[in-house]
Each structure stands twice: as C-alpha cells, then as structure tokens.
Amino acid sequence: LLVRVNSALLLKREIDMRKKREIELLEVKRKLEEASGKLQQVSLTDPLTGLANQRHFDSMLRTETRRAMRGHYFLSLIRTSIDYFKQYSDSYGCQCGDELLQEVAKILKNSAKRVADFVAYYGHEDFYCILPMTNSSGALRVAQTMQESAESLHISHKGNTASEFVTLSFGVATALGELGLTSSKLTAMADEALYRAKQAGGNQVVMYKR
C-alpha cells in the first residue's frame, strides 16, 4: 500500500510539474508573439510622423489596386507635398522642420476619416493618401479639406512665395479598377498632377487629366 501511495504521489508531482511547464511555455509563446507583432509594426511605421512608411505604402497600394480591379470600383490616390520645405528647414532649423512634418501628418490623418483611408509618409516633404471606393469628386474634397486645414494653422513661412504661411500642394488621381490598372500607373498619375501643382506656384490642388 505504501509503495502504491508513493508511486501515486510521484505521478501527481510529475503531472503538476508538466502542467506548470506548459503554462510557462504558453506565457513565453505569448510574449514572443507580442514582441514579433511590435517589431513588425515598427518596421512598417515612420518613427517621426507615426504614419505608415514607404514600404508599407507600396504594399498597401498594390493590395488596394488588386481589390479595386476585383470589385471594379474607383480608387483614388493623393500625393501631398509641403511647399518650399527645404527653405523652411533652412530658415527655421531641422527641429522646426521635423515638427512641421508631424503637424502635417496630423492634418492628413484627421482629414482622411474613413477606416479604409490610408495615409503614409514617403520621405522628405511628401505624403500619400489612398482612398478606396472614392471617385474624383470625393478625392478632390478630401484634398481641399487638407489644404484648408494646413492654411488654418497659420505657421509662418517666409520662404514660401505662394503665401506668408506654410501651404501644401496636392496631386489627385482617380482610376476605375479595370484590366491594366497597376499601382505604379496610379502613382505616376498622382505624381504628374502634383508636378503641375508645383509648377503653378504651389498651394494648389490639381486633378490628373489625360
């Protein structure tokens, strides 16, 4: 009887130790998954603005382009640029330049209000905003809201020939999801529209037209 009792006690202790070990392993796994998720988030986020970075934008635009083609709906893209940003940084310092980028990031994020809207910082003074299921008039309204919000901040910019304050220029492109549409084509359309806005002196919203 004693031998059987001792054997049962040993077995019970072994089972308890295994359960404890399983719990510890599950906790380690949870922490590793959490750390992996945070690492992935960091790799897709610009540390200065808190927006999606260039890599994340490129991936998201490809995804949204494919979705637009499958659903045969409109997809709009806005490229935004701070007018005379280099002159601003030269005049007020790099720290002020970084703060301006952060302010513009907030404006763009707050203006793109739908859950599906996607705003990214592409580098230097440039941002992009992806607007799924948005036609040209809807995209134009979003860009105009962004432009007005930037002007309302009344941030002095003595190097800006378009205004005494910081202003933004916008290139807006809209395409119907159909065969032949690619993310690179839509990007090229928005880039060309922004170029025209800059050529017009800045502080402009220009819609791409063939």
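Structure: see above.
Because the structure is a prediction, the values reported are computed rather than measured.

Asks: Now, about unusual backbone geometry: what can you tell me, with residues and values included?
Replies: One non-glycine residue, His124, adopts positive backbone phi at about 55°. Residue placement: His124 occurs in the loop between strand E2 (118–123) and strand E3 (126–132). Backbone geometry places His154, a non-glycine residue, at a positive phi of 55°.

Asks: Tell me what's going on with helix H5 (residues 136–152), and back it up with residues and numbers.
Replies: For H5, with 17 residues, the first-to-last C-alpha span of 24 Å sits near the 24 Å given by 1.5 Å per residue. Of all the residues in H5, the buried ones are Gly138, Ala139, Val142, Ala143, Met146, Gln147 and Ala150. If you follow the buried residues of H5, they end up packed against strand E1 (74–82), helix H4 (94–111), E3, strand E4 (168–176) and strand E5 (205–207). Looking one or two residues past H5, His154 carries a phi angle of roughly 55°, positive in sign.

Asks: Run through a nonpolar patch on the surface, naming residues and quoting values.
Replies: Judged by side-chain polarity, Leu1, Val5 and Leu9 come together as a nonpolar surface patch covering roughly 320 Å² of accessible area. Its place among the elements puts Leu1 in the segment before helix H1 (2–43).

Asks: How would you explain the packing of aromatic side chains if you had to name every residue and give the values?
Replies: Two aromatic rings, taken as a pair, are described by how far apart their centres are and by the angle between their planes. Applying the stated criterion across every chain yields a total of five aromatic pairs. A ring pair is formed by Phe57 and Tyr122, whose centres lie 5.5 Å apart and whose planes are at 85°; its orientation type is edge-to-face. Note that Phe57 is positioned in helix H2 (residues 54–71) and Tyr122 in strand E2, a separation of 65 residues in sequence. Here the aromatic rings of Tyr121 and Phe127 are separated by 5.0 Å at their centres, their planes lie at 50°, and the arrangement is tilted. Comparing Tyr121 with Phe127, the two get one shared label, buried. An aromatic cluster of at least three residues, connected via ring pairs, comprises Phe57, Tyr122 and Tyr128. Of note, Lys158 hangs over the ring of Tyr92, and the distance from its end group to the ring centre comes to 5.9 Å.

Parameters at a glance
Residues numbered from 1 in each chain as written. Predicted model: local features only at pLDDT ≥ 70, side-chain atom pairs only at ≥ 80, totals over all residues. Heavy atoms only, no water. Helix = DSSP H or I, 4+ residues; strand = E, 2+ residues; numbered from the N terminus. Expected span 1.5 Å × (residues − 1). Buried < 20%, exposed > 50% of the residue type's maximum accessible area, 1.4 Å probe, protein only. Contact = heavy atoms within 4.5 Å. Patch = residues over 30% accessible without salt bridge, like charges linked within 9 Å, V, L, I, M, F, W, Y side chains within 5 Å. Areas by Shrake-Rupley, 256 points an atom, 1.4 Å probe, with all protein chains shown as cover. Salt bridge = Lys/Arg side-chain N within 4 Å of Asp/Glu carboxyl O. Phe/Tyr/Trp six-rings, centres within 6.5 Å; stacked < 30°, edge-to-face > 60°. Lys NZ or Arg CZ within 6 Å of the ring centre and 35° of its normal.

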